[in-house]
Amino acid sequence: MVKKTVLKVDISCHKCRKKLLKAISGLQGVDKIEVDAGKGTISVTGDADPYDIIVRTRKVGKHVELVSVGPPPQPPKEPQKKPEEKKPEPKKDDKKTDSLVMPHFHNPLTCPVCQQMHLVYTEPNPGCSVM
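First things first, this report covers the structure right here in the doc. Given the structure is predicted, the values throughout are model-derived calculations rather than measurements. (Residues numbered from 1 in each chain as written. Predicted model: local features only at pLDDT ≥ 70, side-chain atom pairs only at ≥ 80, totals over all residues. Heavy atoms only, no water.)

### Focus: the side chain of threonine 41
Selection criterion: Helix and strand assignments follow DSSP, with helices taken as H or I runs no shorter than four residues and strands as E runs no shorter than two, numbered in order from the N terminus. Residue contacts are defined here by distance: any two heavy atoms, one from each residue, within 4.5 Å place the two residues in contact.
As for its position among the elements, threonine 41 is in strand 3 (residues 41–46). The residues contacting threonine 41, other than those within four sequence positions of it, are Val6, Leu7, Lys8, Ile11, Glu34, Val35 and Asp36.

Spelled out as structure tokens, the structure:
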């Protein structure tokens, strides 16, 4: 039976979102995943068990709250549209108006969890004490 599972998860950076999508999409029975970073929710539609979705999300290292589990919403019925007449397209100029185009570099901010570094302290080797 197809159901829609809505989870509340902290999605604060691009790296977290990518990890979550990779983990959840690997489950059997997942048809569609919708991520709303503004609300902090993930909607999973398909035959996948909600418990398995929660377990996979926690393995990524995120705290999860189950918001709802239920049937997916029915797609809205669209009224039939009349065929539109084709309008002639205006001629485009081949000249570029912007002579300087700056490249756009995408550098998403990462959350503190993703920035953690693990440091291991080891004592310096005082030397060999073989006698």
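Read on, since the account is not over.
### Comments concerning the state of the cysteines
Among covalent bonds in proteins, the disulfide is the one between the sulfur atoms of two cysteines. Operational definition: Only a pair of cysteine sulfur atoms within 2.5 Å counts as a disulfide in this structure description.
Following the criterion strictly, the structure yields 0 disulfides and no others. Distance from the sulfur of cysteine 13, which forms no disulfide, to the nearest cysteine sulfur (cysteine 16) is 3.3 Å.

### What about the pattern of salt bridges?
Here is the rule: In what follows, salt bridge is the name for a side-chain nitrogen of Lys or Arg lying within 4 Å of a carboxyl oxygen of Asp or Glu. Only protein chains enter the calculation, and the probe is 1.4 Å; a residue is then buried if its accessible area is under 20% of its type maximum, exposed if over 50%, and partly exposed in between.
All chains considered together, the criterion is met by 1 salt bridge. Taking the shortest distance from any N to any O, the salt bridge between lysine 32 and glutamate 34 comes out at 3.0 Å. Classification of lysine 32 as partly exposed rests on a relative accessible area of 46%.

### Examining the side chain of threonine 57
Counting through the fold element by element, threonine 57 comes out in helix 2 (residues 50–60). Those residues in contact with threonine 57 that sit more than four places away from it in its chain are Leu7, Val9, Leu20, Ile24, Lys62 and Val64.

### Details of the packing of helix 1 (residues 14–25) against helix 2
Two quantities define a packed helix pair, namely the angle between the axes and the distance from one axis to the other. The cut-off we apply is this: Angular values range over 0 to 180 degrees, each being the angle between N-to-C directions of two axes fitted as lines to C-alpha atoms, with helices fitted over their stretch in contact. By definition, turning the near helix anticlockwise from the far helix through less than a right angle yields a left-handed crossing, and turning it clockwise yields a right-handed one. Each residue is assigned to one class: nonpolar for Ala, Val, Leu, Ile, Met, Phe, Trp, Tyr, Cys and Pro, charged for Asp, Glu, Lys and Arg, and polar for all the others, Gly among them.
Viewed as axis vectors pointing N to C, helix 1 and helix 2 meet at an angle of 145°, and their least axial separation amounts to 9 Å. The element helix 1 and its partner helix 2 pack so that their crossing is right-handed. Contacts between helix 1 and helix 2 involve Lys19, Leu20, Ala23 and Ile24 from the first element and Ile53, Arg56, Thr57 and Val60 from the second. In terms of residue class, the contact of helix 1 with helix 2 is made up of 5 nonpolar, 1 polar and 2 charged.

### Some thoughts on the sheet that holds strand 1 (residues 3–9)
Counted only if it meets this: Whether two strands pair depends on DSSP finding at least two bridges between them.
Across the sheet, which stays open at both edges, the 4 strands sit in the order 2-3-1-4 with antiparallel pairing between neighbours. Two strands close off the open sheet at either side, each with one partner strand: strand 2 (30–36) and strand 4 (64–70). Looking at each pair of strands side by side, their axes are set apart by 20° on average, direction ignored. Summarising the sheet, strand 1 and strand 3 pair through 6 bridges and their orientation is antiparallel. Among the inter-strand pairings, leucine 7 is bridged to a residue of strand 3, identified as isoleucine 42. Contacts from helix 1 reach strand 1, strand 2 and strand 3, with the element oriented near 160° to strand 2.

### Here's the deal with the pairing of strand 3
Most of strand 3 is tucked away, with 6 of its 6 residues classed as buried. The two faces of strand 3 match: Thr41, Ser43 and Thr45 on one face and Ile42, Val44 and Gly46 on the other face are all buried. As judged from the 6 bridges shared by strand 2 and strand 3, these two strands associate in the antiparallel manner. Within the sheet, the bridge partner assigned to valine 35 lies in strand 3 and is isoleucine 42. Where strand 2 hands over to strand 3, the hairpin turn is made up of 4 residues, of which glycine 40 adopts a positive phi near 75°.

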